[in-house]
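Each chain is listed here by its residues.
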Amino acid sequence: MKIIHKPDDLRCEIEKLKNAKDCSSGLVPTMGALHDGHLSLIKRCVNENNISIVSIFVNPTQFGPNEDYAKYPRTLEADSVLCEKAGVDIVFAPAPEDIYDEYYFKHKETTLICPPYDTVNKLCGKSRPGHFDGVCTIVGKLFNITKCNNAYFGQKDAQQLFIIKKMVNDLYFDLKIISCPIVREKDGLALSSRNTYLTPEARQTALNISQALFKAEELFNKGIKEADTLIDTVLAYIDKPGIEAEYAEIVSLETFEKINLLNEKAIMLVAAKVSSGSATVRLIDNIEL
Ligand code: PAF
């Protein structure tokens, strides 16, 4: 396995491997601090492609000024060991200066891929203005650098996945997006790199999120189809001392637009803020209904 930092070196290495193997390539874009959720994507990528690439890059343009860019866990050494064990061919771990030019660092502006307003300014985008522009920009760059055939994303970031699929469609990126199911701890907590910020007590409180979603699923399976009833149940379940829901919403799985009655494939999404010592940790989760 090679660890590569420069986009041009990555392009050369992929070309070399492609000539040698005449084959398909898969990319798993990540911000590192890899957990079993990432590993499920990575294993699938390794199984389905001759060349597998994992990018590890904490992307500054997707973080707001008061978010956790500086303290986001950076664990390249441990991540590389996991990738090597999983059979990855290349870890691409650029520095911000390898991805963004001097203009960006001077003016804090760069060429962006901006998805339509209505797709990005709701749910997570409401409290994270500019977040999905940053995500699409880095993902677009990674697609262009790697020219991968397949790219793997987790369903936990369901709005991100929807927006990236739309970007690929709108901009004619020549690759397939493969979505992989949420991986949960035994007690239901969805795996996230941000779980590392949780104290043991906060982790216990955070369980309210997945449990609220399972409760909604139970009610839905019993025949409750009104979105408002399911949402109210989830909000009441989550809001306890030490945890506050930022949103709970139900949207169509196909259009990501709000629905009132669940007569089509839908997804319920939740974001909540958990107090953890002196910090607040923002977590997201979702369930298909
Ligand atoms: O989901 C993530 O970890 C990031 O948003 C991604 C897709 C790697 C882009 O930085």
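In case you missed it, the structure is sitting above this.
Heads up: these notes are all about the structure in this document. (Residues numbered from 1 in each chain as written. Predicted model: local features only at pLDDT ≥ 70, side-chain atom pairs only at ≥ 80, totals over all residues. Heavy atoms only, no water.)

**Let's talk about the overall build of the chain**
Check the secondary structure of the chain and you find 11 helices and 9 strands. Here the C-alpha coordinates of the chain stretch approximately 55 × 40 × 40 Å along the principal axes. Going through the 289 residues of the chain one by one, you find that 53% of them count as buried. Intrachain contacts of the chain at a sequence separation of at least 6 include 71% that bridge at least 24 residues. Taken as a whole, the chain presents about 14,200 Å² of accessible surface, with 50% of it coming from carbon and sulfur. Charge centroids of the chain, computed over 34 positive and 40 negative side chains, lie 2 Å from each other. (Helix = DSSP H or I, 4+ residues; strand = E, 2+ residues; numbered from the N terminus. Buried < 20%, exposed > 50% of the residue type's maximum accessible area, 1.4 Å probe, protein only. Contact = heavy atoms within 4.5 Å. Areas by Shrake-Rupley, 256 points an atom, 1.4 Å probe, with all protein chains shown as cover. Lys, Arg positive; Asp, Glu negative; His and termini not counted. Charge placed at Lys NZ, Arg CZ, Asp CG, Glu CD.)

**Considerations on the site of the ligand**
Within the structure, the ligand sits among Pro 29, Thr 30, Met 31, Gln 62, Val 135, Ile 138, Val 139, Phe 153, Asp 157 and Gln 160. Here an oxygen atom of the ligand sits 2.6 Å away from a polar atom, N or O, in the side chain of Gln 62. Gln 160 places a side-chain nitrogen or oxygen 2.7 Å from an oxygen atom of the ligand. When the ligand is considered free in solution it has 290 Å² of accessible area, and contact with the protein chains removes 88% of it. For the shell around the ligand, the secondary structure elements donating two or more residues are strand E2 (25-30) and helix H8 (131-146). For the shell around the ligand, the residue count by class is 6 nonpolar, 3 polar and 1 charged. (Near = heavy atom within 4 Å. Polar contact = N/O pair within 3.5 Å; in protein donor to acceptor, adjacent residues only side chain to side chain. Nonpolar A, V, L, I, M, F, W, Y, C, P; charged D, E, K, R; others polar.)

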